[in-house]
Every structure is written in structure tokens, then in C-alpha cells.
Amino acid sequence: MPRRLLLIHTGGTIGMVRDQASGVLKPDLLYDSLTGFIPELTQLGEIQIEIPFLLDSSDLTPAHWQVLAELIRINHNRVEGVVITHGTDTLAYTASALSFMLVNLPFPVILTGAQKPLSEIRSDARANLINAVDLALSEIREVAVLFDHRLMRGNRTVKSHINHFDAFSSPNYPLLARVGMDIEIYQRNLLPPTGGFFHTMTEMDNSIDVYRLFPGCRTSSFVPGNDTRAVVLVAYGAGNVSLQDSDLIDRVRLWHQEGRLVVILSESGAGRLDPGLYESGARLLDAGAVHGGDMTFAASITKLMFLLGHSTDPASIRKGFLSSLAGERSE
Ligand code: ASP
């Protein structure tokens, strides 16, 4: 029996074609002829192709993540793995969101994309797709990103390079697998099987404001909307802000008292926050803020949407944010 795989194409460079007149890349139904471009894909398994939408990934919203989760749910008894081809710009957000929405996954869900379209010479799409399909039929039971021969936990990834083929990295978590002559799967880095029944939890609430600090920043312009349920401060280093020129700490205390979750993240791309290390961070924590530990920005934001979507209780949202739901945060 050939193994059955669901391939969901959502758009992005991987399937785009260049408009001859303008030179601009545009989404195309290239996947109608996918197996024409990569005939050997059929050797790996029987592939069911779905195209729920065809968009540059900058246009995706939580509603699109819900469509993907639902497509996986309705097909989960029929297939042994899923590949999602996706634009690279917001791929880390989709991977993170799905990691929360798909609970007790029974098979791998592998997202991939490409820096150059499949239709172009020297494209990275071909290798990425073949490797993603191969890994989607493996024993991995989580949402992962395959790019440039490396498999990373989806909610640990960031798009870290605009032009290079190794566009994605996983700054705070080791690789799940590496593709060379053979595929090496690093068992010790995989999520342990949960044994629970597979289901989806897809409510998302985007009532989140994000304020990023910079030296000289007018923090008085940080005014959450009435319906804002979480405020994210992108601070410096271990979680520091300036104490010199603003009443930011007092306002954090007020936001917290108003029942909003105040989250400190760091502008630094790698490492783990430790706001207690310096005075300003310690005062933010004292004012009621929590910090994102070693989570990526994409994981933090999608996790907040997920938690706000599934609870109205500030204490459980806070607790959920500080724990690991799908391997996105180290204990
Ligand atoms: N703008 C494209 C997208 O994210 C870029 C890409 O696919 O690499 O859809």
C-alpha cells in the first residue's frame, strides 16, 4: 500500500511564476502540474493535493490558519502525514499557530517554502519539497519547518535571512533532523508522544498591541485600545527598558491592574530573557509583567492569540503563557 500524504499548497514564492511584462512574482496554480515538475514525488507516496487559498503569505491571517487546521482535521484519518507549502514571510507564524491548534498530532506536519520558485533554474524548491515529503512520512509527531536540508521545530523558527537558501533558523532549540546522504532524525530533540486523542483548538483572539522600544522612543505614545487584552513590550537584551525618561513602569502596573496581560520580549534574536537581572526589568516584573523566556516573537504572538481565544480568565492566560504548550518554551 503506498503511503498517503496530504500536500496543502497555500501560495508563496515556491509556486509563483514571474510575470513576463513586469518581472514581478505572482501566485500561480503551479501545483496542478506539481508531479510534472517533480515526478519522483510519487515514488515517496500517494499525494492528495489541496489548495485552500493561493496567497503571498504576508496576506495570511488567523482565519487562514483555522482553514489549514480544519483541512488537516477532516483528512487526519485518511493520511499519514501533511506537507504545507507556504510563503516564507509568515511561515514561522503559521507553523507556530498550528503547533498550538493541532493537539496530540498523530503524524508530522511539515511546512516548507522556497527562496526561488519551482519553475526557475537553481530553485531550492525542488529539494525542499522532496525532503519535506520524505520527513512527513517519518515518525515525527509535531509541526516542523523544513528548509535547506534542516528540520526545525515549527514554533522555534524565525525567518532570519531574506536572500540565502538557509532562510530559517532555530536560535534557541536544536535541529529535529538533518538531511544529507541519509536523513538523520535527532530523537532526543523530538516532542515525546502524548498518547492523547487528536483534536483541534482553533479560536484565536488578536486583541494584542505590540510596542517596540528604541533609544529616544516616545513611550507616551503607547496607548492600548479599550479592547486590548495583551500588551507586548519588545525591550532590550534580557528584558530592560529605560528608567530615565518615562513613566512606563507605572503604566505597565496600570495595564496589569486593568486586567491586560503585559508581556516583555527582547529585541535580541537569541537567548533567554531574564528581566530580574537589572533594575528596570525587575521593576517591570514587580509591576505585573511576565516575560517570554526563550520563545520567538512569532511563537509568543500566536500563543497569546491562542490563549486569549480559549480563555477569559487572566490567571489561566498568564499561567498558559509561562508554560510550554507545544515545546515552544524551555522550562
Ligand atoms: N512574499 C513571499 C511570501 O511570503 C515570500 C516567499 O514566499 O518567500 O509569500
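Residues numbered from 1 in each chain as written. Predicted model: local features only at pLDDT ≥ 70, side-chain atom pairs only at ≥ 80, totals over all residues. Heavy atoms only, no water.

Draft legend 1. Examining the environment of Ala95 more closely. Among the structural elements, Ala95 can be located in helix α4 (residues 91-101). For Ala95 and Ser324, which are 229 residues apart along the polypeptide, the C-alpha to C-alpha distance reads 16 Å. Excluding anything up to four places from it in sequence, Ala95 contacts Leu111, Val143, Val145 and Gly154. (Helix = DSSP H or I, 4+ residues; strand = E, 2+ residues; numbered from the N terminus. Contact = heavy atoms within 4.5 Å.)

Draft legend 2. Representation of the site of the ligand within the structure. Taken together, Gly12, Thr13, Asp56, Ser57, Gly87, Thr88, Asp89 and Ala114 are the residues near the ligand. In the model, a nitrogen atom of the ligand is placed 2.9 Å from a nitrogen or oxygen of the Asp56 side chain. Ser57 places a polar side-chain atom, nitrogen or oxygen, 2.5 Å from an oxygen atom of the ligand. Residue composition of the shell around the ligand, grouped by class: one nonpolar, five polar and two charged. (Near = heavy atom within 4 Å. Polar contact = N/O pair within 3.5 Å; in protein donor to acceptor, adjacent residues only side chain to side chain. Nonpolar A, V, L, I, M, F, W, Y, C, P; charged D, E, K, R; others polar.)

Draft legend 3. Spatial organisation of the pattern of salt bridges. Across all of its chains, the model carries 14 salt bridges by this definition. The partner of Glu142 in a salt bridge is Arg153, with the nearest N and O atoms 2.6 Å apart. Placement of the pair is Glu142 in the loop between α5 (125-136) and β8 (143-147) and Arg153 in strand β9 (residues 150-153), with a sequence separation of 11 residues. Look at Glu142 and you get buried, because its relative accessible area is 4%. (Salt bridge = Lys/Arg side-chain N within 4 Å of Asp/Glu carboxyl O. Buried < 20%, exposed > 50% of the residue type's maximum accessible area, 1.4 Å probe, protein only.)

Draft legend 4. Inspection of the nonpolar core at higher detail. Counting 53 residues, the largest nonpolar core has Ile72, Val82, Ile84, Leu102 and Val109 as the members making the most contacts within it. Residues within four places of Ile72 in sequence aside, it is in contact with Leu6, Ile8, Val82, Ile84, Leu102, Phe107, Val109 and Phe198. Leu118, Ala125, Ala144 and Leu190 belong to the second-largest nonpolar core, a separate cluster that totals 26 residues. (Core = buried A, V, L, I, M, F, W, Y, C linked by side-chain atoms within 4.5 Å.)

Draft legend 5. Here's a closer look at the packing of aromatic side chains. What the rule picks out here adds up to five aromatic pairs. Taking 4.4 Å as the distance between ring centres and 5° as the angle between the ring planes, the aromatic pair formed by Tyr211 and Phe222 counts as stacked. Placement of Tyr211 in strand β15 (residues 208-212) and of Phe222 in the loop between β15 and β16 (230-235) is noted, with a sequence separation of 11 residues between them. Just as Tyr211 is buried, Phe222 falls in that class too. Ring geometry for Tyr211 versus Trp255: centroids 6.1 Å apart, planes at 40°, classification tilted. Linking Tyr211 in strand β15 with Trp255 in helix α6 (residues 248-257), this pair joins segments that are 44 residues apart in sequence. In this structure Trp255 comes out as buried when scored by relative accessible area, which is 4%. Seen from the ring of Tyr173, Arg153 lies directly overhead, with NZ or CZ sitting 4.3 Å from the centre. Above the ring of Phe321, the side-chain terminus of Lys303 is found at 5.5 Å from the ring centroid. (Phe/Tyr/Trp six-rings, centres within 6.5 Å; stacked < 30°, edge-to-face > 60°. Lys NZ or Arg CZ within 6 Å of the ring centre and 35° of its normal.)

Draft legend 6. Here's a closer look at the sheet that holds strand β17 (residues 261-266). One open sheet holds the four strands; their spatial order is β15-β16-β17-β18, and the pairing between them is parallel. Bordering the open sheet on either side are β15 and β18 (290-291), each of which pairs with just one other strand. Pairing between β17 and β18: two bridges, direction parallel. Its bridge partner being in β18, Ile264 is matched across the sheet by His291. (Pairing = 2+ DSSP bridges.)

Draft legend 7. Seen up close, α6. Regarding α6, the residues found buried are Leu248, Ile249, Arg251, Val252 and Trp255. Taken down its axis, α6 places every buried residue within 160° of arc, on the same side. Set apart from the buried face of α6 by more than 90 degrees, the exposed residues are Asp250 and Gln257. Elements that come into contact with the buried residues of α6 comprise β15, β16, β17 and α7 (279-286). (Arc of directions from axis to C-beta.)

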